[in-house]
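# Commentary on secondary and tertiary structure
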Amino acid sequence: MKYNFDEVVNRKGTSCVKHDMLNPVFGSDDLLPMWVADMDFKTPDFVMDAIRERCRHEVLGYTFAPESYICAVVNWFQSHYGIQAKWSQMHFIPGIVQGIAFVLQAFTKPGDNVLLTTPVYPPFLNVPHRSGRHFVSNSLKTVNGRFVIDFEDFEAKAQLCKVLILANPHNPGGTVWNADELREIARICAKYHVLVIADEIHADLTLPGFHHTSFATVSAAAADNSITFFAPSKTFNMAGLGSSVCYVPDKDVRRHFFNYLDANELSLGNLFAYVGAEAAFRYGEEWRLQLLDYLAENVDFAVEYIAEHSPKIVAMRPEASFLLWLDFRAFKLPHEELVNTLVHDAKVGLNSGLDYGQDGEGFMRLNFGCPRSTLTEGLRRICNVLK
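Residues numbered from 1 in each chain as written. Predicted model: local features only at pLDDT ≥ 70, side-chain atom pairs only at ≥ 80, totals over all residues. Heavy atoms only, no water.

### Notes on the overall build of the protein chain
We apply this condition: Strands are runs of DSSP state E lasting at least two residues, helices are runs of H or I lasting at least four, and both sets are numbered from the N terminus onward. With a 1.4 Å probe rolled over the protein chains alone, any residue whose accessible area is under 20% of its type maximum counts as buried; one over 50% counts as exposed, and the rest are partly exposed. Each accessible area is a Shrake-Rupley result for a 1.4 Å probe, and residues are judged covered by the shown protein chains and nothing else. We treat Lys and Arg as the positive residues and Asp and Glu as the negative residues; His and chain ends play no part in the count. A charge is said to be at NZ when it belongs to Lys, at CZ for Arg, at CG for Asp and at CD for Glu.
Scanning the protein chain from terminus to terminus reveals 14 helices and 15 strands. Summarising its shape, the C-alpha atoms of the protein chain cover approximately 55 × 55 × 40 Å along the three principal directions. Here the protein chain holds 387 residues, and 57% of them are scored as buried. Summing over all exposed atoms, the protein chain offers an accessible surface of approximately 16,600 Å²; the carbon and sulfur share of this is 51%. One way to put it: in the protein chain the 35 positive side-chain charges average out to a point 2 Å from where the 45 negative ones average out.

### Some words on the sheet that holds strand β3 (residues 113-118)
Cut-off, in case you're wondering: DSSP-based pairing: two strands are paired if at least 2 bridges between them are found. Angles shown run from 0 to 180 degrees and are taken between the N-to-C directions of axes, each axis being a line fitted to C-alpha atoms and, for helices, limited to the stretch in contact. Any two residues whose heavy atoms approach within 4.5 Å at even a single point are treated as in contact.
The strand order across the open sheet built from 7 strands is β2-β10-β9-β8-β7-β3-β4, with neighbouring strands paired in mixed fashion. Only two strands of the sheet have a single neighbouring strand rather than two, namely β2 (90-93) and β4 (134-139). Ignoring which end each strand starts from, the neighbouring axes of this sheet average 25° apart. Bridge analysis of β3 against β4 gives 6 bridges, and the strand direction is parallel. Pairing of N113 across the sheet is with H134, part of β4. Against the sheet, helix α10 (residues 251-263) contacts β2, β8 (195-199), β9 (226-230) and β10 (244-247), and its axis sits at roughly 30° relative to β2.

### Let's talk about the side chain of T341
Here is the rule we go by: The definition of a polar contact used here is a pair of N or O atoms within 3.5 Å, where within protein one atom must be able to donate a hydrogen and the other to accept one, and adjacent residues in sequence count solely through side-chain atom pairs.
In this fold, T341 is placed in helix α13 (residues 335-345). Owing to a relative accessible area of 13%, T341 belongs among the buried residues under this scheme. At a separation of 2.8 Å, a polar atom in the side chain of T341 contacts the main-chain carbonyl oxygen of E337. The residues touching T341, leaving out its near neighbours within four places in the chain, are A346, V385 and L386.

This is how it looks when you write it as C-alpha cells:
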C-alpha cells in the first residue's frame with residue numbers, strides 16, 4: 001500500500017496542542033504551527049482500525065496488558081534494537097516524560113544534580129527543576145554539522161551528578177550517537193555511579209543512511225547502569241494514547257524502579273494504549289519505512305530551500321526524527337526580537353531555542369513532520385521576512 005503523506009489534515013478544534021494552543025503560547029491564532037513534536041500526518045490506518053474494532057465491544061472496563069501486546073513489544077525490541085529482552089525486564093509507562101520524573105523520584109532526592117547535554121528537549125530541564133533537583137549542563141559542540149560531546153567537560157560534570165538524562169537520538173539536533181560515543185558515556189557514568197536515563201523515543205525515526213544504537217547494548221557498563229525508554233508515539237503519530245515502555249536489564253536497578261512503579265499504582269495502561277501500540281508494532285513497518293523516505297525528502301528540500309533563499313540561516317541536518325535545528329545567529333538579532341519577528345512578521349510558530357537551555361540562544365526548532373506544501377509555506381514565510 002502506498003501511503004499519502006502529502007494530504008493536508010485540518011487539526012483545528014480537536015484539542016490539539018500544536019494548533020489549538022497557538023494563542024495561549026504565542027499570543028496569536030494566525031500562525032502556521034511548526035512547533036510541538038507531533039506530525040501532521042494521519043495516525044496510520046492499522047492503528048485506527050484496531051481502536052475502532054475494539055470499540056465494537058461496547059464495554060470499556062478495567063484492562064491489563066494482553067499477551068498479544070507483550071509479544072508485539074518484545075518482537076519489536078528484538079528486530080529493531082537487537083535487544084533479546086524478556087517482558088519481566090520491561091514495564092509499561094504512561095509516557096516517557098512521566099517515566100523520567102518517576103526515575104528521579106525513585107533514585108534521587110531534592111537537591112541532587114542531574115546531568116544534561118544541552119541544548120536539549122525542554123522537559124529534561126523542567127522536570128528536575130520542578131521536582132527540586134538541579135540540572136548541570138554539558139554544552140554540546142558542533143563539528144562537521146552534527147553535535148558531539150565534550151567528554152572532558154562531561155566527565156568533570158558527571159562527578160557532581162546522580163543521574164544523566166540522555167536523548168538518543170538527540171532532540172533537537174537529530175544527532176544519532178554512535179556506539180563509541182555511547183560506550184564512553186557508559187564508562188564515565190559507571191565510574192562515577194551516575195545512573196543513565198536513555199530516552200530513545202526517536203529511535204524508530206532514524207533516517208535512511210544512519211543506524212540507531214540502543215544505549216543498553218553497547219557494553220556491560222551500559223546495561224548494568226541504565227533505564228531506557230521507548231514509545232511508538234512519535235513514529236506512528238499517536239502521542240495522545242500515552243503508551244510507552246521502559247527496559248531495565250540490571251536486576252537491582254530493575255527491582256528498585258519496578259517496586260516504586262508498582263507501589264504508586266503505575267503498572268497498568270489504558271485500554272487504547274495497549275491496543276494502539278500493539279497494532280503499531282505488529283503492522284507498522286511498511287508505513288514506517290515510507291514515512292522515513294518522505295521525511296528524508298523533506299530534509300533535503302528544507303536544507304536546499306534555506307541555502308538558496310536565506311543562506312545566513314544554518315540548518316543542522318538531522319540524522320533522525322522530523323525536527324530541524326536552525327541557527328539564526330548570523331542575523332545578530334537579540335533572541336526576543338528573533339522570536340517576535342518569526343511570530344508577528346513571518347506568522348510561523350517555532351520552538352524558541354532558549355527553551356532548550358542557554359546554549360539555544362539564537363536558535364529555533366522547526367517541525368518538518370508535515371506535508372511538503374506546509375513545509376514549503378513555512379520556509380517561504382521565514383526566508384522572506386529575513387531577507
